[in-house]
Every structure is written in C-alpha cells, then in structure tokens.
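Observations on the model geometry
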Amino acid sequence: MVKEIERAGIPVVHVCTVVPISLTIGANRIVPAVGIPYPLGDPTLGDEGSYKVRMKLVKKALDALQTEVDGQTVFE
Amino acid sequence: MEKKRIVHYINNFFAGIGGEEKADIPPEVREGVVGPGLALQTALGDEYEVAATVICGDSYFGEHMDEATETLLAMIKEYDPAGFVAGPAFNAGRYGVACGSIAKAVEQELGIPVVTGMFTENPGADMYKKDVHIILTKDSAADMRKSMPKMAALLKKMMSGEEILGPAEEGYIERGIRVNYFAEERGSARGVEMLVRKMAKEPFETEYPMPVFDRVAPNPAVKDMKHAKVAVVTSGGIVPVGNPDRIESSSATKYGVYSIEGKDTMSPEEFMTIHGGYDRAFVLNNPNLVVPLDALRQLEKEGEIGELNNYFIATTGTGTSIGNAKGFGEQFSKKLVADGVDAVILTST
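Quick caveat: nothing in here was measured; it's all calculated off a predicted structure.

Quick look at the overall build of chain A now. Counting secondary structure elements, chain A contains three helices and three strands. Helices (α) and strands (β) of chain A occur, in sequence order from the N terminus, as α-β-α-β-α-β. Taking the principal axes of its C-alpha atoms as reference, chain A extends roughly 40 × 25 × 20 Å. The proportion of buried residues among the 76 residues of chain A is 62%. Within chain A, residue pairs in contact and separated by at least 24 positions form 39% of the contacts whose partners lie at least 6 positions apart. Looking at chain A as shown, the accessible area adds up to about 2900 Å², and 53% of this sits on carbon and sulfur atoms. Charged side chains of chain A number 8 positive and 9 negative; the gap between the two group centres comes to 1 Å.

See below:
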C-alpha cells in the first residue's frame, strides 16, 4: 500500500514496528514505531506519557515527510 | 551409534503457549520435541534426535531482533547440534522473519546446516532466501504434513554432504545462485529452440530469469506542511465499532474509508480493531495508538499542519496477499489524490 501511495505521487511515511519488513516491501520514508501492540504511544507510561510519545512520533513522521530522500531512509 | 542432535525453533503459538496475548514472551528452551517437532522427529527418522526446542514470542522477536537472536544462539549452542530447523512459518510474517534471522545466525556462527520453511509471500522469504535454504510451503499450517518431510529431507542431505540440487528438485525458494553444469546441447541450439517455442506461443523456460525489483522512487518532500492536507492510512485493522464493512481479521479482501470529521480523538466507544495478528487489548482501549487522531488534531489546531483529511483508510495487514494490498493501494490512492491529499502517514502494527 505504501508503494502504491508513493506511485500515485503522494509523499508517504511508513510508521511501523518491524523496520526490516518495511525495508523489504520498499517504503522510502520509514519511522520506527514503539511496539507491535501499540505502535504510536506507550500505554505502560499512563495516558499522558503515552500521548507524549505519540506526539513525538507524529512530529517525527511529519519531519520525515518534509525531508528530501534519494532512497530508502530510516528516521531513527 | 550416537544419534545426530537437531535443535528446532518455533514460536509461542506452535509451542502451545498461547496466541497473540503471549507473543511477547522472551526466548526459552525446552528439552526434546514440542508441537510440530514431533512431525520433524518422525520425518528425520531414528538416526537423528530433536534434542531441544527453542521458543520465542513473535512480537518479542520483532521488537528485539538482535538481542533475541543472540540469546537463542547461546541456547542452541549448548546442545552442540549437527543441524538446525526453524518453523515452518507458512504465511506468518513476524514468525517468518524470526525463522530466517535465527537460521542465518546459526549457519554463520555455528557453521551447521540449517533449513526453514515459508510461503512465498512471507516477508521473511524475501529477506533471507539468499542466506538460507527456505522450503516453499503453502500459506497455512494445514500444509505442515507436507512441508515438514521436505525440510527434514533437505537437512539430512546437507548433513550427509550430498549435493544439493536446484530449487525445483529440492523444493526450496530460489536463492539466486548459479551452478555450472554441462548441457547436452550448446547455447545457440538451445536459444533457437527457445525462440521457435516462443514464436509458436508454446511455453518455454528462460535460462536467465531476471530478478524482480518493484521499487518506487521517493516523492519530493512536502514543502509547506503548514498548508498541507495530511491523511492517515493504516494496516492495523481500525474500524468503527461493529465493523460495518466486515473487513476480515486476517487475509483481508477489502479496506474501509471512515470519517473522523469533527472528532478530536479516537474514542474506544466509536472505534475498535479487528486485526487478528497482534494483542488487541491496548488498542481496543485507545485506538489513537494506531490512528493518532488526538495528536494530529492538536497539530492542526496549532497550525503545524494545514488540514487533517476528514477520513482515514484502514485494512488488516496480517496474512493479506501482496496482490490484494497492491490493489487496495491503487484504488484508494486515486481517491486521496482526487481529495487533494498532500501527504500520508501509514501506520502498521
């Protein structure tokens, strides 16, 4: 799905937990997520802590979308 | 004569420890066979002994790949095995990645023959087919009865130093390795014969298959995020409560388009996940963990993004065929373009 969005001309960032899979399928902008059962946030930190983690990741995803890349790039 | 020792790797599910709620268990080792190890032992015969089974949760492995591989390697080494088998993982993605990763590490570090098994679309197959022998299986565990004997047969051949034939003969996924051999006819004769067949529209087999690379060049970066329209797409199976489109919990054949107009957060009363490939407890409690509506709405209010698209698109990623996923992407991308979306955040569990 990531590749088809890219092919349609829309810049896309893949926020995912298992980065090697994302690299294999061919995503170009990749932001590693927190965990498989909770990619954006960390419920173990409570609601507020989890929201902060999520906000940070979303901002990182937006930064990735605003960064020129010439190939597959993982935004650690 | 002493039996040759084999170590077998399986995940939490095949070990009978539990499903997704147990996918976060760290590596552990048990003496003898566990679960599908019985079929492995039967297929290997009396001269071999499945001495130990190493087990790890799929999520744990996915989240701690290096560390888990190292721990498992140490556990495997203890048994001084003559061969190693992982899986088969069929179409289970994280399990396939784990099998490939451990098999590769065992081959490299311990220098013993290794075999694993997967369905061709398992992401682990593409990642590790160049490194290890992966027996081609069907997409579900119903194929265990047929795949395990193939894995055992190949491992036995490797351990006895017999010549390993090509992918078609042995049943493994093509590794891209060329082997010299003497053909009966010279190249020009074979070429002409192939051309004649091609012109007659008869089937022919190329001697030089090209690797398939489906890569898309990255689009230019978003120049003006403060005026950009951002949309969310997810493979995490988020749907309105009740799943009105009846999207499958695995092997999805459809996707859904769901409004978030006027909403500030993904309320668990309105949205749920139907994804069958991870422990849903956290996300059922707070769907913002997959569709980060609360954070994006805040950034929209602060003016960091121009506008949040008033719907998100969702399907289930687990077990879904590449063909279906590609079809969904082609279809909904047209809608996203028509609706003036400038950038997409795609989240995966």
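Here the narrative resumes, following the displayed structure.
What follows concerns the overall build of chain B. Of the regular secondary structure elements, chain B holds eleven helices and 13 strands. Seen along its three principal axes, the alpha-carbon backbone of chain B occupies a region of about 75 × 60 × 35 Å. Among the 349 residues that make up chain B, the fraction classed as buried is 48%. Taking the contacts inside chain B whose residues are at least 6 apart along the sequence as the reference set, 72% of them involve residues at least 24 apart. In the form shown here, chain B has an accessible surface area of approximately 17100 Å², with 51% of it arising from carbon and sulfur atoms.

All right, on to the environment of G306 of chain B then. Residue and element names in this part refer to chain B. Note on placement: G306 falls in the loop between α10 (293-301) and β11 (307-308). Counting along the chain gives 36 residues from G306 to D342, while the straight-line C-alpha distance between them is 9.9 Å. With near-sequence residues (within four places) excluded, G306 lies in contact with M225, K226, H227, A228 and E300.

Residues and elements named next belong to chain B. The mixed open sheet is built from six strands, whose spatial order is β2-β3-β1-β4-β5-β6. For this open sheet the edge positions go to β2 (28-31) and β6 (133-136), each flanked by a neighbour on one side alone. On average, each strand axis in the sheet is inclined to that of its neighbour by 25°, with strand direction left out of account. In the sheet, strand β4 (residues 83-86) pairs with strand β5 (residues 114-118) via three bridges, with the strands oriented parallel. Looking at the pairing, F84 lines up with V114 of β5. Those strands touched by helix α1 (residues 37-44) are β1 (4-11), β3 (48-56) and β4, and its axis lies near 155° from that of β3. Against the sheet, helix α4 (residues 93-110) touches β1, β4 and β5, its axis set at about 165° to β5.

The subject of this paragraph is the environment of P39 of chain A. Within the secondary structure, P39 of chain A is located in the loop between β2 (29-32) and α3 (46-65). With 27 residues separating them along the chain, P39 of chain A and Q66 of chain A place their C-alpha atoms 21 Å apart. Not counting the four nearest positions on each side in its chain, P39 of chain A is found in contact with T17, A33, V34 and L57 of chain A together with L289, V290, S348 and T349 of chain B.

Definitions and cut-offs
Residue positions are counted from 1 within each chain, in the order its sequence is given. Here the convention is simple: chains get letters from A, ligands get numbers from 1, in the order in which they are written. Where totals are concerned, whole chains, interfaces and linings use all residues; where local detail is concerned, this predicted model gives features only for residues with pLDDT of at least 70, and gives and counts side-chain atom pairs only at 80 or more. Hydrogens and water are ignored here; the side-chain numbers use all heavy atoms of the structure. In this text, helices come from DSSP runs of H or I with a minimum length of four residues, and strands from runs of E with a minimum of two, each type numbered from the N-terminal end. Exposure categories follow from relative accessible area, calculated using a 1.4 Å probe and restricted to protein chains: below 20% of the type maximum is buried, above 50% is exposed, and the middle band is partly exposed. Note on definitions: a residue-residue contact is assigned when non-hydrogen atoms from the two residues lie within 4.5 Å. Surface accessibility follows the Shrake-Rupley procedure with a 1.4 Å probe radius. Residue values consider only the protein chains on display as shielding. For the charge count, each Lys or Arg is scored as positive and each Asp or Glu as negative, with His and the chain ends excluded. A charge is said to be at NZ when it belongs to Lys, at CZ for Arg, at CG for Asp and at CD for Glu. In this scheme, strands are said to pair when DSSP sees at least two bridges between them. Axes here refer to lines fitted to C-alpha atoms; in helices the fit is confined to the stretch in contact. Angles between the N-to-C directions go from 0 to 180 degrees.

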